[in-house]
Amino acid sequence: GLLSLHGQAINVIEVDSDSYKSITDGSKNVLLKFYTPDCHMCDVIDPEFEYAASKYDEGDEMLFGRVNGYRERDIVDELGVTGYPVFKWWKKGESEPEPFYYVHYSGRHGHTLMRMVNDRLGREHHDEL
């Protein structure tokens with residue numbers, strides 16, 4: 001496939017309190033999704049989040065992760081997450097997150113996520129058909 005030119009597609013990482021600090025240390029751009037197992041909208045977005053992640057590879061210096069809000073209370077409390085799903089963005093070189101207000105109008109959720117990520121990476125975005 002196309003990815004063989006660039007390297008491995010990115011998988012979504014399950015982030016916990018052990019890995020959280022090293023993931024958000026500023027070495028890469030990071031998009032974290034905060035979810036709970038009983039949140040319907042989280043279930044809707046999850047496969048689309050994975051789809052968006054799969055469109056990036058190691059050369060993009062991007063990490064996609066998900067955080068279980070019930071299990072990872074320390075992370076959630078530190079960031080002040082109160083509702084789900086919520087996204088937070090860490091820009092490469094920064095250890096503090098920026099808000100990532102997810103606004104979806106139409107089409108695939110994955111394309112909306114990619115458009116928002118590409119905006120932050122300073123890239124053009126073209127929806128795939």
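Above: the structure in question.
On a predicted model such as this, the values are computed, not experimentally measured, just so you know.

Here we come to the overall build of the protein chain. Scanning the protein chain for helices and strands turns up four helices and five strands. Ordering the α and β elements of the protein chain from the N terminus gives β-α-β-α-β-α-β-β-α. On the principal axes, the C-alpha backbone points of the protein chain span a range of 40 × 30 × 25 Å. Counting the 129 residues in the protein chain, one finds 43% classified as buried. Put simply, of all contacts in the protein chain between residues at least 6 apart along the chain, 69% involve residues at least 24 apart.

Before going further, it helps to examine the nonpolar core. Counting 18 residues, the largest nonpolar core has Leu31, Phe49, Met62, Phe64, Phe100, Leu113 and Val117 as its most contacted members. For this core, the secondary structure elements donating two or more residues are α2 (40-54), β3 (62-68), β4 (86-90) and α4 (109-121). The element contributing the most residues to this core is α2, with five residues. In contact with Met62, not counting residues within four places along its chain, are Ile10, Lys28, Asn29, Leu31, Tyr56, Trp89, Val117 and Leu121.

Here we take up the packing of α2 against α4. At a closest axis distance of 8 Å, the pairing of α2 and α4 adopts a crossing angle of 60 degrees. With respect to α4, the element α2 is oriented oblique. The way α2 lies across α4 gives a crossing that is right-handed. Residues Met41, Val44, Ile45, Glu48, Phe49, Tyr51 and Ala52 of α2 lie in contact with α4, whose contacting residues are His109, Gly110, His111, Leu113 and Met114. Classifying every residue of the contact of α2 with α4 by side-chain character gives eight nonpolar, three polar and one charged.

In this section: the pairing of strand β2 (residues 29-35). Among the seven residues that make up β2, seven are buried, leaving the element largely enclosed by the rest of the structure. Here β2 runs beside β3; their pairing, made up of seven bridges, is parallel. Pairing of Lys33 across the sheet is with Arg66, part of β3. Note: β2 against β4, five bridges, orientation antiparallel. Within β4, the residue paired with Lys33 across the bridge is Phe87.

About the criteria used
Residues numbered from 1 in each chain as written. Predicted model: local features only at pLDDT ≥ 70, side-chain atom pairs only at ≥ 80, totals over all residues. Heavy atoms only, no water. Helix = DSSP H or I, 4+ residues; strand = E, 2+ residues; numbered from the N terminus. Buried < 20%, exposed > 50% of the residue type's maximum accessible area, 1.4 Å probe, protein only. Contact = heavy atoms within 4.5 Å. Core = buried A, V, L, I, M, F, W, Y, C linked by side-chain atoms within 4.5 Å. Axes fitted to C-alpha atoms, helices over the stretch in contact; angles between N-to-C directions. Parallel < 35°, antiparallel > 145°, perpendicular 65-115°, else oblique. Left-handed = near helix turned anticlockwise from the far one by under 90°. Nonpolar A, V, L, I, M, F, W, Y, C, P; charged D, E, K, R; others polar. Pairing = 2+ DSSP bridges.

Note that all results are geometric; they support no functional claim without further evidence.
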